[in-house]
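# Structural overview
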Amino acid sequence: MTIVEHSDEEHDACTTATESYDDLSGDENSQASFDGKPNPMPPLKYARIMGALPRSDDASAPALTVKITSSAMGRVVVRPSQSSEKTADAPLPSGSRHGEGANASSAGDIGSDYDDDEADLSMTKVHHVLALGFEDGKVRLVDSHTGGSVLFGSTSDDGGAWYVNPSAAKRGKDPGHKIVALSFDSSSTYLSAMNANGDAAIFGPLAWGKQSRRSTVGGEGQHKFGFLSPFGGKEPEASDSTDRNLIMRPSYALTKPPASTVWFTYADPHSFGASLLGGGASPDQVPHPTCMALDPAYSRRKERAIVVGFDDGRLVLSKLQGAAGIGTGITSFFGGGGGNAAAGGGTTVKKIDAVLYQGTGAASYSGGQAGIEAVSWRGGLVAWADSSGVRLFDIESMSRIAHIDRPTGARSSLYPTISSMRPSLLFERSDSLLIGWGDCLMAMLVRDVQSSKPSTKDGAPGKKEVKRKTVTVTMAWELDCVACSVVPVDEKHVAVLGLAPSLSNEGDASSEQVAKTTASGAAGGDNLLELQIINRVDGKSISSDRLPLLEGSDQHRGDQRIVSANAAEFCLLGSFAVARMDSVAEWEALDEAEKESVRRQLGLESQSSSIQELPDLHSRWNIGKDICHVGKEIQSEAADYDDQSVASNCSVCSDNYVFVLSEPLGDIMPDTLPIVRTTPPIMTVIYSYDACLVQTRDVDDVISYTRSLGKPALALKQALAHRREVRRHGLDQLVDEHFVALLRMGHGKQKPLSLSRLKIAAESLPILLGGDSRMWQRWIFMFSRIPGGLYVIREKIPVRDPDLPAFVFEMCLEKMLQEAVSSRDEGKGALLEEKMADLYLETMRSWGPTSALRRRIQLKRYCAQSHWHSVSGSSVVTPFIRQAEKDLHRRISQTAFGVLADAAQQGQSLAPGNSIRQYIDSSEDSLFDVGHLIARLATRLQVSNPEYNTGDDSSPNVVLGDMKDGSSVVVESMAELELMRERFDRALGYYLAIGSHFMADSLPSLEEAAVQQVNSHGQSDAIPLPRGDETAVESDRFGHVLSMVELHQLHRVLLKRNYFFDEEKADATAEPPVVSLIMLVGLSRTRTFLIDCCSPPEGTTIPIDSDEVEAYDVSTAHSGSNLPIDSVAQQLKSRPKLLYWFLFQVFVHKPDIYVKFPTTAVPPQAITDLHRIQFALFVDYAGEGAAMSQSGQSPAGLAIDKDTPFISFLRAALPHGGVQADSVRTKLESYRAGASGSPIFARELAFVIETFGQGSMEDAKEILQLYLQGAKNLFLAVAFAQRSAKYSSVLWDMLVEHCTTPDPANGPNRNSALGARFGALLEAAAHTGADLASLVSRIPEGMSIEGLRPKLIGAITDYRYKVKIHEEVDHMLMDDKVSILRELSHLSRRGERIEAEDEGGKQSEQTARHSQTSRVDRLRSWRSKGPATHEHAFSLPIR
């Protein structure tokens, strides 16, 4: 059981009820029960109705000053035709920018009980009105939600009232004037009222319509607390009393006075006039009415009726008839609140009475209520109750149906604390009667049964079909209280308002509570007033709330030991218990729009569904599926998340934070169309001195309850699932609480934030924040406080919709840069630092101008397609391109799709000039101020000279101050920003600064790789690089720099030595631009780039052979897109190994400008200087690869002799005079220091002596010794001996001697070693074409040569093949000659056409042209065009 005692919140008329169970929105209130677990949320909430009701000025107990004696509830349908013109009043505040306002409803929705000034007047609205009859004879019509008067022409005295007998307004207090019965018809078009004297009035027709809610009603005293007061709560504070006590009329009211009010009386005719004059017969002699029921179809019948029960046991059916017909100008005694009669006069009505039942009167029954105690009418069924029980009557056939005996527990004598009780009768359906009487709850089902009985017709026996109605008990339960009223809740539950006797033993804990409640002035005496929801199936209570209604000021306990209560003074009204016609008639009374709404509520298809009757309201609603019943589910789910045991599946997080990612988007995103739902029931508890509104819990209550449990994620989940019903809570506030809890940002000591929580929050941002710019700004700044938070949400930050200010992006970039720089200082690891720097730069590029993104894609694609791009780098460049395309696509098409929308931009998206423009060729669409960010980052470069202006756009130079290890990302950021500003020269400067200052560690490995590439040239296609070389990764990262240089002609930047400084001075810490470029992109790319762009030295002419014109573009030789080789070499002097590598690459790939000068005898001076430099570099570094130039012991695998890189250079450079042969010989001999067995430069020295020596015997012997002893290459020695015909015999003798002289180092294996060496000599001689016979004859006796026979056979076979090749070549040459001769013979026999001369004696132009061309010229032309099919590639000597 829940004790409803207080609520700290109060709301104006736009809300439905005040908190009753607890102040669920307050964090300080605990929902824990005695066992420490949270209590489930009760399904009902309560609020005291204030408004126009006459209450006292006592703030602590504002009880009614006039006693309520009767009440009724009517259902008002305001259709579009009944609505007035839409007012220009501003809409009511919803409490949040993201609240949904009042309930949205579609056309024809008859299930909405709420309204606001912005509602579409084309919608049908349903309201519920309370008719309250008071002891002073007044009848007040008030709104069931607010208590505001809905009468037309209401005054400020008491909110407006009607009188059954107008004379009551002019006379004093009379007990006979109290209203004893009120009844509406089914459409609430007519209201019947009756006082204790028997005077009756039927007010109508009641014209309902929409009215403005901004007009005040009533005086200040009566409306001190507004329409709704906290149920047993405290007085509102003065600070917010203006907002809380705003008085507004209900959104509907009567649009005009009743035009045909009917009055009549049941008093004795002889005493009626005396009654009007203030006298009358004795009350004991006149029967008094006790109850009344107006025909539900009163407004639709021609013959109108009313059923009245009296205390003498009579039940009277009255049919009303007027002189000119009912409803035709028949008005009587219509008065306002001040007693003034309304216009219209009065007309007497003819009334025909018929007694339906005569029961036990007051004189014959003692104890309890006598006579007819209750009556109910629906369709053709009437039910009433008296002291004997309940009777059912068919009013259409005027026949009795059944009688149900009075329950045993329905006697007040059984309950000392209850003085009187009254039965509750209600037709919840057309065929079902709900009964609550005493401690008994019953339901009766009326059925039509066909039976046959014997009959005779024309003397012949037969059977006659007879239809009769039977009654079956479908529910019967004993209650734990005395029922005052019962109303249906749904098909499975009923609501029971009852009094539970609370007398307990002394010392019991409950007795103290009872004493406290009684002393505080609660209604019910020594009873507890409870509202229970009973399950029809098992009779158990699913909800039980105690209601502390106020007692009247004149009701005092006194010295009474037991204070009894009258159960008849308590009444429960409900929106599911209003007057109803038969279900078929109800369906026919609806218009098409209302029928369509009912079909949608039932989930049926449009008009194709055949519905013949209107389903009852309670059958369309289910408390088990409504939001008010989720309290237990939320309690269970919250307990699961609080369970931190290992067995719990939800113990990872303390709340359901992942619902945003796991739930379907359709359940989270705002729904465009309203969902048609059946309106929950509205109940009102009426007591003589108090009135209470009862409603089911709504979404706001569920949210408040969930927040009180400390589960903001569950609260947000409920709000999003029912966003259209949220009134008091803002979605933005709930989203804030969700993220605060998820990110552990609460006050006090918090647990550390895990990465999983951070990722969940980042993924939830776009969905929850949507298009709300203000919320995005707030949470971006909140994430910036979390280390690494901006890196997690960087891809979630909107770049197009909503439009965020530039300072947000600038703040993010500066914060991300700070974290990237500080990661190195904190020692978090190089991998993490590099990853953070890459993400920061990627973010900055994605937020920059879209033109810069397109340009980056262009540079990366050019880099990937260029010939200097390595195939292995495609896997690195392709992700760069894909990421840039992804960022560009997001900048163009990103759209907010979350649950929140920016209120400032609503309604402006389609306004002219607000369309998002895409800038392609400018930086105007950058999300941040590029210039401002450059100025901010320049302060991090620590420029020592304050006069340097890094932001000067007129200067192409960049200024770098004291560089630190962590500032490399700053320099790269400056490069990217300059690239966005299209200052490509400055951007290149910053990129070169990266290679110069931050890649110094890779320079030694690059130099070693450069030397290795030169020395191993021609030996293998693939050259393995050292592990320290960064060409595989870094070159692909900065490969776009080469693309930028080529596409924007930035070659001149590479030629400026001191590009990083404003002053032309040398700086030992800065590398030249070309060296920086090599360090930036690696050797392989720089080699191809430099070779493509290198040009002859400046100031020299370009000697180009006529055959090479097509391969060399003379016009671009000295243009800005080329790099003179002398200028590049000048920059590389500081790094001789790189200069050694560069000059060799020029020598190999650009010989036309370096070593080949066919049109000039004297090469340029700059070239010869480079030859001398390169020779010196060869001497310094080529010796390291001398060992690699040695061949194996067997040269059989060598087809031709391959020169070393040094020999190739000497062969090409020595003829040009830049390097003299004598000086080369001298230099090499001095370098060898006379060591004949040293392999260093052995082949090079032999080449110089052979090519440029004297040709003497000594030179020949020295050369042979260099090959044999130095190079240790027998093949080269044999080839040299074969070439030197002059000293051939001497050299062969030396070779034979070398191969037959044993080596002391071989030891016992001398013979086998000599045999292998002589066998190698024979094999080399066979390849060079030497005389094998003479060599075989010189084999020493006893020498064992392994495989001699196969070697000789192979040599002879090879020789024969060579001879055969020569013969075939000779045959092909002869065939070509014969073919050419035949062609010439054919041309010589061909006739020529000779045209006649013209009159002037001249031949035609064509004939003259042919005559000028000789046959020899045509043959030469034909041979030049034809392919050279055969030519001698080489010649071999034949012996």
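Anyway, here's the lowdown on the structure attached to this text. Given the structure is predicted, the values throughout are model-derived calculations rather than measurements.

## Section: the overall build of the protein chain
Across its full length, the protein chain carries 41 helices and 34 strands. Within the span of the protein chain, comprising 1439 residues, buried residues form 52% of the whole. As displayed, the protein chain offers around 65700 Å² of accessible surface, 50% of which is attributable to carbon and sulfur atoms.

## Some details on the pairing of strand β14 (residues 289-294)
Of all the 6 residues making up β14, 6 are buried; the element is thus mostly covered by neighbouring parts of the structure. The pairing of β14 with strand β15 (residues 304-310) spans 5 bridges and is classified as antiparallel. Bridge pairing links L294 to I306 in β15.

## A short note on the sheet that holds strand β8 (residues 191-195)
Taken together, the 4 strands give an open sheet; going across it, the order is β7-β8-β9-β13, and neighbouring strands pair in antiparallel fashion. Of all the strands in the sheet, the pair left with one neighbour each is β7 (179-184) and β13 (262-265). Recorded for the sheet is a direction-independent mean angle of 15° between the axes of neighbouring strands. Bridging between strand β9 (residues 199-203) and β13 involves 4 bridges; their strand directions are antiparallel. Bridge assignment links A200 to a residue of β13, and that residue is F264.

## Re the pattern of salt bridges
Pairing is possible between side chains of opposite charge, provided their charged atoms come close. Inspection of the entire model under this criterion finds 45 salt bridges. Between D353 and K351 there is a salt bridge, and its shortest N-O distance comes to 2.6 Å. The partner of E976 in a salt bridge is R856, and the shortest N-O contact between them spans 2.6 Å. One end of the pair, E976, is in helix α20 (residues 968-980); the other, R856, is in helix α17 (residues 850-865), and 120 residues separate them in sequence. E976 sits in the buried class, given a relative accessible area of 2%. We classify R856 as buried; its relative accessible area is 8%.

## Describing the sheet that holds strand β6 (residues 162-163)
Here we have 4 strands laid out as an open sheet, ordered β3-β4-β5-β6, and antiparallel in their pairing. Edge strands, defined here as strands with exactly one partner in the open sheet, are β3 (68-78) and β6. Across 5 bridges, strand β4 (residues 125-134) lies against strand β5 (residues 138-143) in antiparallel orientation. Within β5, the position partnered with L130 by the bridge is V142.

## Remarks on the side chain of Q1131
Here Q1131 is to be found in helix α28 (residues 1125-1131). Residue contacts for Q1131: discarding those within four places in its chain leaves L1054, L1055, K1056, P1072, P1073, V1074 and V1075.

## Quick look at a negative patch on the surface
Side chains of E396, D582, E588 and E613 sit close together on the surface and give a patch of like negative charge. For E613, the location among the structural elements is in the loop between α5 (592-602) and α6 (631-642). Here E613 falls in the partly exposed class, since its relative accessible area comes to 44%.

## Observations concerning the pairing of β15
Burial analysis of β15 places 7 of its 7 residues in the buried class, the great majority of the element. Covered by surrounding structure in β15 are R304, I306, V308 and F310 together with A305, V307 and G309, the residues of both alternating faces.

## Section: helix α35 (residues 1274-1283)
Burial of α35 is extensive: 9 of the 10 residues sit out of reach of the surface. Within α35, burial applies to L1274, F1275, L1276, A1277, V1278, A1279, F1280, A1281 and Q1282. Sitting at the head of α35, N1273 places a side-chain oxygen 3.2 Å from the backbone nitrogen of F1275.

## Topic: the packing of helix α26 (residues 1073-1081) against helix α27 (residues 1083-1093)
The interhelical angle for the contact between α26 and α27, taken along N-to-C directions, is 135°, at an axis separation of 7 Å. In terms of their interaxial angle, α26 and α27 are classed as oblique. Residues V1074, L1077, I1078 and V1081 of α26 lie in contact with α27, whose contacting residues are L1083, R1085, T1086, F1089 and L1090. Residues of the contact of α26 with α27, tallied by class, amount to 7 nonpolar, 1 polar and 1 charged.

## A look at the environment of E530
Relative to the elements of secondary structure, E530 occurs in strand β27 (residues 527-535). Look at E530 and you get buried, because its relative accessible area is 4%. Taking the C-alpha atoms as reference, E530 lies 5.4 Å from G498; in sequence the two are 32 residues apart. Only 2.6 Å separates the side chain of E530 from the side chain of Q532, close enough to count as a polar contact.

## Notes on unusual backbone geometry
Of note, the amide linkage connecting G204 to P205 takes the cis form, showing an omega dihedral of -10°. Of note, the amide linkage connecting D801 to P802 takes the cis form, showing an omega dihedral of 5°. Of note in this structure, E982 is not a glycine but carries a positive phi near 65°. In this structure, E982 sits in the loop between α20 and α21 (984-998). In this model, Q1049 sits at a positive phi of 55°, which is unusual for a non-glycine residue. As for its position among the elements, Q1049 is in the loop between α24 (1039-1047) and α25 (1051-1054). Taking relative accessible area as the criterion, Q1049 reaches 40% and is therefore assigned partly exposed.

## Describing the state of the cysteines
One pass over the structure, following the stated rule, counts 0 disulfides. The cysteine C481 is free of any disulfide, with C484 supplying the nearest cysteine sulfur at 7.6 Å. When its relative accessible area of 2% is taken as the criterion, C481 is described as buried. The structure places no disulfide on C1094, whose sulfur is separated from the nearest cysteine sulfur, that of C1093, by 8.0 Å. Exposure remark for C1094: the relative accessible area of 3% places this residue in the buried category.

## So, the packing of aromatic side chains
Per the stated rule, a full pass over the model turns up 26 aromatic pairs. Ring plane angle 50° and centroid distance 5.2 Å describe the contact between F739 and W779, whose orientation is recorded as tilted. With F739 in helix α11 (residues 731-742) and W779 in helix α13 (residues 773-784), the pair connects residues that are 40 residues apart, well separated along the chain. On the basis of relative accessibility, which here comes to 1%, the residue W779 falls in the buried class. Taking the centre distance of 5.2 Å and the plane angle of 90° together, the rings of Y1140 and F1178 count as edge-to-face.

Cut-offs applied
- Residue numbers restart at each chain and count upward from 1, following the sequence in its written direction.
- Totals for whole chains, interfaces and linings use all residues, but because this is a predicted model, local features are given only for residues with pLDDT of at least 70 and pairs of side-chain atoms are given and counted only at 80 or more.
- For side-chain calculations, the full set of non-hydrogen atoms in the structure is used, while hydrogens and water are omitted.
- In this description a helix means any DSSP run of H or I spanning at least four residues, a strand means any run of E spanning at least two, and both kinds are numbered starting from the N terminus.
- Burial classification: accessible surface area is computed with a 1.4 Å probe over protein chains only, and a residue below 20% of its type maximum counts as buried, one above 50% as exposed, and the rest as partly exposed.
- Methods summary: accessible areas were calculated by the Shrake-Rupley approach with a probe of 1.4 Å, and residue burial reflects only the protein chains presented.
- Strands pair, by our definition, only if DSSP identifies at least two bridges between them.
- Comment: axis = line fitted to C-alpha atoms, over the contacting stretch for helices; angle = value between 0 and 180 degrees taken between N-to-C directions.
- Note on definitions: salt bridges are taken to be side-chain nitrogens of Lys or Arg within 4 Å of carboxyl oxygens of Asp or Glu.
- The contact criterion used throughout is that any non-hydrogen atoms of two residues lie within 4.5 Å.
- Exposure above 30% relative accessible area and the lack of any salt bridge qualify a residue for a patch; like charges then connect within 9 Å, and the nonpolar side chains Val, Leu, Ile, Met, Phe, Trp and Tyr within 5 Å.
- Only four residue types enter the charge count: Lys and Arg as positive, Asp and Glu as negative, with His and the chain ends excluded.
- Just so you know, the charge point we use is NZ for Lys, CZ for Arg, CG for Asp and CD for Glu.
- The definition of a polar contact used here is a pair of N or O atoms within 3.5 Å, where within protein one atom must be able to donate a hydrogen and the other to accept one, and adjacent residues in sequence count solely through side-chain atom pairs.
- Here the angle decides the label: under 35 degrees means roughly parallel, over 145 means roughly antiparallel, 65 to 115 means roughly perpendicular, and every other value means oblique.
- Note that Gly is not counted as nonpolar here; it falls among the polar residues with everything else outside the nonpolar set of Ala, Val, Leu, Ile, Met, Phe, Trp, Tyr, Cys and Pro and the charged set of Asp, Glu, Lys and Arg.
- The disulfide criterion used throughout: a pair of cysteine sulfur atoms within 2.5 Å.
- Two aromatic rings from Phe, Tyr or Trp, using only the six-membered ring of Trp, form a pair when their centres are within 6.5 Å; if the ring planes differ by under 30 degrees the pair is stacked, by over 60 it is edge-to-face, and anything between is tilted.

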